[in-house]
Each structure stands twice: as C-alpha cells, then as structure tokens.
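Structural overview
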Amino acid sequence: MPDSHCSSCGTPFGEGVSGWPRTCPACGTTAYRNPLPVAVALQPVYDPKGTALVVVTRAIAPARGGTVLPGGYIDDREDWRQAVVRELREETGIDAASRDVRLVDAMSSPDGHLLLFGMLPERPAEGLPPPAATDETEGRHLLRRAEELAFPLHTRAVRAWFEGRYL
C-alpha cells in the first residue's frame, strides 16, 4: 500500500496512523503529502464565427471521452509556464512561448491537486495546426460558449473566461 511506511527508515506506520502529516513511530520523521500541481492552458482563438477556447476530448482516464482544457502535471523542476505550453503542444499540437503565459487563476481540487490556469494570447484559428489525436486526446475543438466540462474546476475557469473575468 502506498505511503504505508516511513520514507526515512522504512518502519510501517501501523494501523492507527492515518491522515497527514504523519510521524514515524520509530525515527520521529514527519511525512507530508503535498498537492500535485497541474498546469492548465487557456488558449483563446478567433475566426469569422467569433472568439472561442481550445479544448480537447480525453482519450485516457480519468474522464475518458470528456471535454477538458489542455493541461497536466508539472514535471519535476519545470516552471509552471513551461508546463502550460508543453501540455498545450502535447495535447493539441499548438506551439506557444512560455514568456507569453500569464497566471489568471489558481484553484485547489478536493482530491489535493493545485491547478494553475495560464492564459495565452488570442490567436487566429486559421493559423492552428490541423486537429489530430494524441496519446492522451481524441483531438481538439473549439468551445464557443461556457458549458460543463469533465473536470469541475475547468468548468469554473471556462465560465470565468466567457464572463470576461480573466481580462
């Protein structure tokens, strides 16, 4: 079972030890469970139909088949802005510069994830590469109005953007 032993000395925490932080009964080391940071991209685009956000359809769990904003875990020693553009590129094929990313929101999920929402400059939809499936997505499309997404915090961010709160 993960996190059942002390990472310093290997002693089992025992049946009575739960929650975080926890202290090893043998060596006294305190163990913490830190949030897993996630970088999420808000990429606005425009075309003759108006302005929209780039979203993807997930091909993996959780929320397989659901619509979400491009995003994922921040790698070890990776700047959050670099993670935003890496995830955008990996999931949509869209290239962007990390220097152009600005933080528009930070939210914590009930399961312990910290989501950092990075806004990229608006760009013309006609300049995007063709949509294509990736290892994690069935492809991308444009979201033209706020709607429920597969992840509740993505839904909150999309609503905020469409309401003009991320200007």
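Residues numbered from 1 in each chain as written. Predicted model: local features only at pLDDT ≥ 70, side-chain atom pairs only at ≥ 80, totals over all residues. Heavy atoms only, no water.

Looking at an unreviewed UniProt entry, the protein chain carries the name ADP-ribose pyrophosphatase YjhB, NUDIX family, with the source organism given as Streptomyces prasinopilosus.

**Observations regarding the layout of surface pockets**
One number sums up the size of the largest pocket: a volume of about 490 Å³. Around the largest pocket sit 23 residues that line it, and V38, R58, P62, Y73 and F151 are the ones nearest its centre. Listing elements by their share of the lining of the largest pocket, those giving two or more residues are β7 (71-73), α1 (80-92), β9 (113-119) and α2 (152-162). For the lining of the largest pocket, the class distribution of residues is 13 nonpolar, 5 polar and 5 charged. (1 Å grid on protein atoms, 1.4 Å probe; cavity = no way out; pocket = protein on both sides within 12 Å on 5 of 7 lines; lining within 4 Å. Points joined across faces, edges and corners; volume = space filled by probe spheres on them. Helix = DSSP H or I, 4+ residues; strand = E, 2+ residues; numbered from the N terminus. Nonpolar A, V, L, I, M, F, W, Y, C, P; charged D, E, K, R; others polar.)

**Side note on the pairing of strand β4 (residues 44-47)**
Sheet topology note: the β4/strand β5 (residues 50-58) ladder contains 4 bridges and is antiparallel. In the strand pairing of β5, P44 is matched with L53. Hairpin connection of β4 to β5: 2 residues between the antiparallel strands. As defined by bridge partners, β4 adjoins strand β10 (residues 123-124) across 2 bridges and the pair is classed as parallel. Residue pairing across strands places Y46 opposite P124, the latter belonging to β10. (Pairing = 2+ DSSP bridges.)

**Quick word on the UniProt feature "domain: Nudix hydrolase" (unreviewed entry) in the protein chain**
Residues annotated in UniProt with the feature "domain: Nudix hydrolase" (unreviewed entry) correspond here to residues 36-164. Counted over residues 36-164, helix gives 19% and strand 37%. Its end C-alpha atoms are 28 Å apart. (UniProt positions renumbered as here; feature names shortened; annotations may be inferred.)

**Things to note about the pattern of salt bridges**
Overall, the coordinates contain 10 salt bridges when judged by the stated rule. Where D76 meets R77, a salt bridge forms, and the shortest distance between an N and an O atom there is 3.7 Å. Judged by its relative accessible area of 67%, D76 falls in the exposed class. A salt bridge links R165 to E163; its shortest N-O distance comes to 2.8 Å. Three or more residues joined by partner-sharing salt bridges are found here, namely D75, E78, R86, E87 and E90. (Salt bridge = Lys/Arg side-chain N within 4 Å of Asp/Glu carboxyl O. Buried < 20%, exposed > 50% of the residue type's maximum accessible area, 1.4 Å probe, protein only.)

**Looking at the state of the cysteines**
This model, assessed by the stated rule, comprises 0 disulfides. Cysteine C6 remains unbridged, with the sulfur of C27 as its closest cysteine sulfur at 3.8 Å. C24 provides the cysteine sulfur closest to C9, a residue in no disulfide bond, and the two sulfurs are 3.6 Å apart. (Disulfide = S-S within 2.5 Å.)

**A few points about the packing of aromatic side chains**
Tallied over the entire structure, the rule returns 1 aromatic pair. Measuring from ring centre to ring centre gives 4.8 Å for W161 and F162, while their planes differ by 85 degrees; the resulting arrangement is edge-to-face. For W161, a relative accessible area of 15% corresponds to the buried category. In this arrangement the basic side chain of R22 is found over the ring face of F13, its NZ or CZ atom lying 5.2 Å from the centre. Here the basic side chain of R22 rests over the ring of W20, its NZ or CZ set 3.9 Å away from the ring centre. (Phe/Tyr/Trp six-rings, centres within 6.5 Å; stacked < 30°, edge-to-face > 60°. Lys NZ or Arg CZ within 6 Å of the ring centre and 35° of its normal.)

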